[in-house]
Amino acid sequence: MISEIYDVIVVGGGHAGCEAAAAAANLGSKTLLVTMNMQTIGQMSCNPAMGGIAKGQIVREIDAMGGYSGIIADKSAIQFKMLNLSKGSAMWSPRTQNDRMLFAEEWRLALENTPNLDFFQDMVKNLIVENHTVKGVVTSLGIEIKAKSVILTNGTFLNGLIHVGDKQLGGGRMGEPRSFGITEQLTSLGFEAGRMKTGTPPRIDGRTLDYSQMEEQKGDENPGKFSFLDTPLLKEQRSCHIVYTNEKVHDILREGFDRSPMFNGTIQSLGPRYCPSIEDKINRFAERNRHQLFVEPEGWKTVEVYVNGFSSSLPEDVQIRALREIPGFTNVKVFRPGYAIEYDYFPPTQLQHSLETKLIKNLYFAGQINGTTGYEEAAGQGLIAGINAHNKVHGKEEFILNRDEAYIGVLIDDLITKGTDEPYRMFTSRAEYRLLLRQDNADIRLTEKSYKIGLATEERLRKTEEKIFKSKELETFLRETSLKPAIINPILQEMESSPVDQAYKAAQILTRPNINLSTLDRIDFIENKLKEYTTQVREQAEINIKYKGYIDKERENVSKLHRMENIKIPEDFDFTKIASLSAEAKIKMNAVKPKTIAQASRISGVSPADINVLLIYLGR
């Protein structure tokens, strides 16, 4: 095995590494996944959940393209919720609570059943680089493994340092060793590196909790799922619970601030802005006398519980005393305390949109090494890196998703164009075309694209084509079916909507804010027609009718964007030669090296005036 030259070597078995390895292998590349521990492949290092606001859209996109994350999440789910249903469809976001151990097991089994994929357990200490091209890896055992491309998905393991109060220990996760050697080699080759921080809350013994003092959070009555394939629907679900901190909890936590690595200067790096530790929350939001916590079960059978919202690096004795002042936690026992971890990352402006590095050919970065946080963001990058590593070594075109095509496209473009100095997390607000990038139409947007490159299966394509055909058929029925006042007015009055004085098409009635298909299926002949269609088809048709004007407007804006994307900038273009550009624009554009006018316009610090100057210089 070691003497073999692989098409793709993936370093790291987390969410990015798993998707990268699966994508490259399924496309036909001879692939090797090198991980420090075969028992932690697909490990959920933080909360046992997938999806959420904007993240759920990413999981659906990964699934639509033939990735594994959605399938694994469905097979290991213990609860499903569709978030933001009270808002517009662009905001709806699926989320699962998962069985942590089952999730990792399903990932390993899925990878072991993937053709063209080998495994090796060892730490990668160095890369083999010749003439600015990666040629393989060297492990801690001194084994050289040759490859045509390498994808680094090291997560939090690069020089990882764990903090619990004033105690520090090297590690990539609690109980697991850190990785070293790669950062030092890459910086010697000219890469810029930085440090980031993330954290995790304590895990506790659910047998010691009094759930009667908490607010129960059940899953959806009719649970959905992530995958567009026929993965199993949940027949039973486990509840989560909500509870709140109080002033006494905050007072105890403040007592430990002088021993907190966050406040005594031990930790210098930035943590995730939108997932702060509990000590950061009570320090930054001192006016609030309570903070919400989610009490989440770790699986179907285990008693271990995850306290979402109580991430902490305070001393373990302070964490335990504070926990015991939370309602229902009086007798709590802690399996392991929360901790913070610092790790190396590489600012992603050093990458192409394919996730290949600019300095070393055939070397790709994906996941937290690029400064992101979250399983879903990592998995999305891994999928794209795996596809592009395969394409590069087989002489094919790079595979790029634009901002109007996928949240994954928004994610990668933000990273490459704007960079990040704090852990990047996806939100719906980051996507300017989010009405087009809904969770319900990820298959319509992406499955055909993926099928054309050989990743999505024919089964996926067939299901997508059937969904498109059926939803258009239902739309046509609703646009052509007239509803007379005698039929529709009783329903409109019940819904407190204005009655009509003449016949209206069903589609026109459906555009009213408080009317949906479930309202119209009280009419016998519409109810009978709707029974012919799946929930997914009905949802697609309803959204297309309700939001047609807005969707058309967004598509018009996209066409304008594409005109700017078509104006290419030469690869070796020197922006410093354009005297009329602002000094900041020269610096930023020379650093990023945008390939198109559209990309240049998204760089922080580049003004519309700078873009006009650039257009004139390029003869436009």
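Calculation rules
Residues numbered from 1 in each chain as written. Predicted model: local features only at pLDDT ≥ 70, side-chain atom pairs only at ≥ 80, totals over all residues. Heavy atoms only, no water. Phe/Tyr/Trp six-rings, centres within 6.5 Å; stacked < 30°, edge-to-face > 60°. Helix = DSSP H or I, 4+ residues; strand = E, 2+ residues; numbered from the N terminus. Buried < 20%, exposed > 50% of the residue type's maximum accessible area, 1.4 Å probe, protein only. Lys NZ or Arg CZ within 6 Å of the ring centre and 35° of its normal. Salt bridge = Lys/Arg side-chain N within 4 Å of Asp/Glu carboxyl O. Core = buried A, V, L, I, M, F, W, Y, C linked by side-chain atoms within 4.5 Å. Expected span 1.5 Å × (residues − 1). Pairing = 2+ DSSP bridges. Axes fitted to C-alpha atoms, helices over the stretch in contact; angles between N-to-C directions. Contact = heavy atoms within 4.5 Å.

A look at the packing of aromatic side chains
Consideration 1: All chains considered together, the criterion is met by eight aromatic pairs.
Consideration 2: Ring centres 5.8 Å apart and planes at 85 degrees place the aromatic pair F573 and Y617 in the edge-to-face group. With F573 in the loop between α18 (548-565) and α19 (583-592) and Y617 in helix α21 (residues 608-617), this pair connects stretches of sequence that are 44 residues apart.
Consideration 3: Judged by relative accessible area, which is 11%, F573 ranks as buried.
Consideration 4: Note on Y617: relative accessible area 47%, which makes it partly exposed.
Consideration 5: Among the aromatic residues, those joined into a ring-pair cluster are F191, F346 and F365.
Consideration 6: The ring of F285 has R288 lying over it, and the distance from NZ or CZ to the ring centre is 4.9 Å.

Observations regarding the pattern of salt bridges
Once their charged atoms are close, side chains differing in charge can pair, the charge on each being opposite to the other.
Consideration 1: Taken as a whole and judged by the stated rule, the model has 40 salt bridges.
Consideration 2: Residue D63 pairs with R460 through a salt bridge whose shortest N-O separation is 3.0 Å. Separated by 397 residues along the polypeptide, D63 in helix α2 (residues 55-64) and R460 in helix α12 (residues 458-480) bring together distant segments of the chain. Comparing D63 with R460 shows no difference in burial state: the two are buried.
Consideration 3: One salt-bridge network, held together by shared partners, links R403, D413, D414, K418, E432, E565 and R602.

Looking at the nonpolar core
Consideration 1: Of all hydrophobic cores here, the largest spans 83 residues; its most connected members are I9, V150, L152 and L363.
Consideration 2: Ranked by the residues each element gives to this core, the list is headed by helix α1 (residues 15-27), at nine residues.

Some remarks on helix α11 (residues 442-453)
Consideration 1: Compared with an ideal rise of 1.5 Å per residue, which puts twelve residues at 16 Å, α11 spans 17 Å between its outermost C-alpha atoms and is within 8% of the ideal.
Consideration 2: At the C-terminal side of α11, G454 shows a positive phi close to 100 degrees.

Focus: the sheet that holds strand β1 (residues 8-11)
Strand-to-strand pairing in sheets goes through backbone hydrogen bonds, with the strands running parallel or antiparallel.
Consideration 1: With respect to topology, five strands assemble into an open sheet ordered β6-β2-β1-β10-β21, the strand pairing being parallel. Where the open sheet ends on each side, the last strands, each with one partner, are β6 (117-121) and β21 (363-365). Direction aside, neighbouring strands of the sheet carry axes that sit 20 degrees apart on average.
Consideration 2: When β1 meets strand β2 (residues 31-35), the two strands line up parallel, connected through four bridges. Looking across to β2, one finds that V11 is bridged to V34.
Consideration 3: Taken strand by strand, α1 contacts β1, β2, β6 and β10 (150-152), and its axis lies near 165 degrees from that of β2.

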